[in-house]
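# Commentary on secondary and tertiary structure
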Amino acid sequence: MKRILVKEQFCIGCRLCEVYCRLQRSESGELLRAYKREASLPLSGARVEERGPVAISVRCQNCEEPACVYACLGGALKRDADSGLVVWEEEQCLGCWSCILACPYGAIRKDTRRGKIARCDLCSGEEVPACVAGCPNEALEYIES
Amino acid sequence: MKKVEYLIIGNSAGGIAAAEAIRQVDKSGEIAIISDEPCAAYCRARIAEHLAYGRSVDDLLFRPADFYEKNGIQAILGRRAEWIDAGAHRVQIDDGTGISWGKLLLATGGRPIVPEMEGVNRKGVFTFTTFDDARAIARYIEKAERAVVIGGGLIGTSAIEALVKRGLKVTVVEMKERILNTILDEEASALEAEAMKQAGVDIITGATIFGINGPSTGAEVVSSVTLDSGREIPCQLVVVAIGVTPRLELAAAAGIKVNRGIAVDRRMATSCPDVYACGDVAEAHDFVYQGPRLTPVWPNAYLGGRVAGFNMAGVAADYPGGTAINSMKYFGVDITSAGITVPPDDSYRVLRRRQNGSYRRVVVKVGCVVGMVFAGDIEKSGIVFKLMKERVDVSQFVETLVADDFGLICLPEDLWRSQLVAPDKVLK
Ligand SMILES: Cc1cc2nc3c(=O)[nH]c(=O)nc-3n(C[C@H](O)[C@H](O)[C@H](O)COP(=O)(O)OP(=O)(O)OC[C@H]3O[C@@H](n4cnc5c(N)ncnc54)[C@H](O)[C@@H]3O)c2cc1C
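Remember, predicted model here, so these are calculated numbers, not experimental data.

## Structural notes on the overall build of chain A
When helices and strands are tallied, chain A shows 5 helices and 8 strands. Taken from the N to the C terminus, the helices and strands of chain A come in the order β-α-α-β-β-α-β-β-α-β-β-α-β. For chain A, the C-alpha radius of gyration of 15 Å lies close to 15 Å, the compact-globule estimate for 145 residues. Expressed as lengths along the three principal axes of its C-alpha atoms, the size of chain A is roughly 40 × 40 × 30 Å. A total of 145 residues make up chain A; the buried ones form 57% of that total. Taking contacts inside chain A between residues at least 6 apart in sequence as the whole, the part at least 24 apart equals 54%. Total accessible area on chain A is roughly 6,600 Å²; 49% of this is exposed by carbon and sulfur atoms.

Listed below in structure tokens is the structure:
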């Protein structure tokens, strides 16, 4: 299973991972639109936290025993047996926020516009997630683990 | 007589979780699930969506329609288990047949409490815990303009929101001083009450219903309720939502140990060999109270069912414990809460912060978080919940838990580092 390794010693807290994530999720693929104009302003699945010189980029870690999946009231979150990844089906999500309380990383977003959650899906379908590809300091690595 | 390796009574959160865990480790052992509800497992919390928008049960299923077939599970639906002979490993079903089993799981959930009162059997009086309940209300609703919901807990609130969406004028009558009083503190429950009032709901607290009345003697339908104060509220529809009680009768009659719920150990095993229990019917470990307790919420039912399933299939697993957890967005107010939200005495420390429409409250006892409420900005509540679950000593950084810039990085370095390097395991 592939996951994103967070190399905090290289993270400068620039938040470009958040920017690339939103861009990737936007309908237009254009920055200004994604941030200011699209009806469905996409949320970033990554969140940068900073404290003094230390910064980390937090997102879904695809836990092996995922508390969010067990908490899901709608059957929207599942762990895919083949890939080992936590997958989410939008139609099944009722926006009950149970998974938000369950996630030990605080990695699940509340998408109030849609009344559903938003989360990192490792840019499913892409060879390398947008945040990893865009990180200017190689603080994120996409590795097999 | 039919014989299966695993028999599960109750086709909902707990039952499905157990079946999935069993199939994860035993690909071929025969599994049967009995339910007295006629449909495939659905999302119980979504019955309001049928009432509000007419969504069919097929749109609210918890697992895809082919779940049972794909997993080789026999679903015996619309049938009730009548009694258990635990010694003979046998269950009697209401169609006259019997099933013998190797391992049995009781995931029978709860049933709504309906108080004895004048007029409670009238047409127009409903409970709200099953899809059939929602359908019955939806069919009756044309006849109603005003509704009274008895009980301002989570289920009552869900019903109120759906009725408001259907355009009814709704009054809620809550016995205690405030709505959602068992799961929220005063401040959060006031936020919810305010939103409810904005939506046009009348909230009457500190009152109970004395009786449900008809338009004339002999008439069967509802036309009003009378409060204990003598006040009369006209209505054509009443929803009774004062709580649920575990469906213990099968277990009790079979001689399985019951307290307020079926007693289970950390493996979710009952007092009877080969019989397990989980979910709303079971009294399982509560990590806040450090003892067995009813915690009737979906995530705990699922996790308990999963643990039961593994153990039934011979793979040892321990229930890490649950506690009262709730999350909601009724009337547009986003809330997560867990554990003790209102301390019973002053040996607890309460931290609170209200900022930009968001509210956070953390309750601490001897260095450990034992309760929490987040409203508005709830996204990081899970980080605090994990500290609570693992009884982490937060003395050194407790103030940061309610700070605006709270995050994983506010935890001691070894904690966030170990979390990011070794992703979480709920079951160790
Ligand atoms: C309106 C509503 C909203 C809710 N909202 C939330 C929420 O937001 N978050 C949350 O965490 N929880 C919520 N809950 C609670 C949650 O639905 C329950 O905690 C959960 O369903 C418990 O699952 P369970 O498997 O223990 O039992 P249940 O879901 O109660 O299922 C038990 C099943 O067993 C069947 N059964 C019982 N006895 C027999 C028998 N003898 N023979 C055959 N079948 C039998 C019952 O008919 C039922 O189908 C809500 C509940 C309701 C009603």
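There is more to say after this.
## So, the sheet that holds strand 14 (residues 232-234) of chain B
Strand pairing in a sheet takes place through backbone hydrogen bonds and is either antiparallel or parallel in direction. Residue and element names in this part refer to chain B. Ordered in space as 12-13-14, the 3 strands form an open sheet in which the pairing is antiparallel. Of all the strands in the sheet, just strand 12 (209-213) and strand 14 have a single pairing partner and so form its edges. Between one strand axis and the next, the sheet turns by 20° as a mean value, whatever way the strands run. As judged from the 3 bridges shared by strand 13 (residues 224-227) and strand 14, these two strands associate in the antiparallel manner. In the strand pairing of strand 14, Thr226 is matched with Glu232.

## Focus on the layout of surface pockets
The space that makes up the second largest pocket amounts to roughly 840 Å³. Contributing to the lining of the second largest pocket are 24 residues, with Lys78, Arg79 and Ala81 of chain A together with Glu20 and Asn71 of chain B lying nearest its centre. Looking at the lining of the second largest pocket, the elements with two or more residues in it are helix 3 (67-71) and strand 4 (77-79) of chain A together with helix 1 (13-25), helix 3 (67-70) and helix 8 (298-312) of chain B. Grouping the amino acids of the lining of the second largest pocket by side-chain chemistry returns 8 nonpolar, 2 polar and 14 charged.

Parameters at a glance
Residues numbered from 1 in each chain as written. Chains lettered and ligands numbered in written order. Predicted model: local features only at pLDDT ≥ 70, side-chain atom pairs only at ≥ 80, totals over all residues. Heavy atoms only, no water. Helix = DSSP H or I, 4+ residues; strand = E, 2+ residues; numbered from the N terminus. Rg over C-alpha atoms; globule rule 2.2 N^0.38 Å. Buried < 20%, exposed > 50% of the residue type's maximum accessible area, 1.4 Å probe, protein only. Contact = heavy atoms within 4.5 Å. Areas by Shrake-Rupley, 256 points an atom, 1.4 Å probe, with all protein chains shown as cover. Pairing = 2+ DSSP bridges. Axes fitted to C-alpha atoms, helices over the stretch in contact; angles between N-to-C directions. 1 Å grid on protein atoms, 1.4 Å probe; cavity = no way out; pocket = protein on both sides within 12 Å on 5 of 7 lines; lining within 4 Å. Points joined across faces, edges and corners; volume = space filled by probe spheres on them. Nonpolar A, V, L, I, M, F, W, Y, C, P; charged D, E, K, R; others polar.

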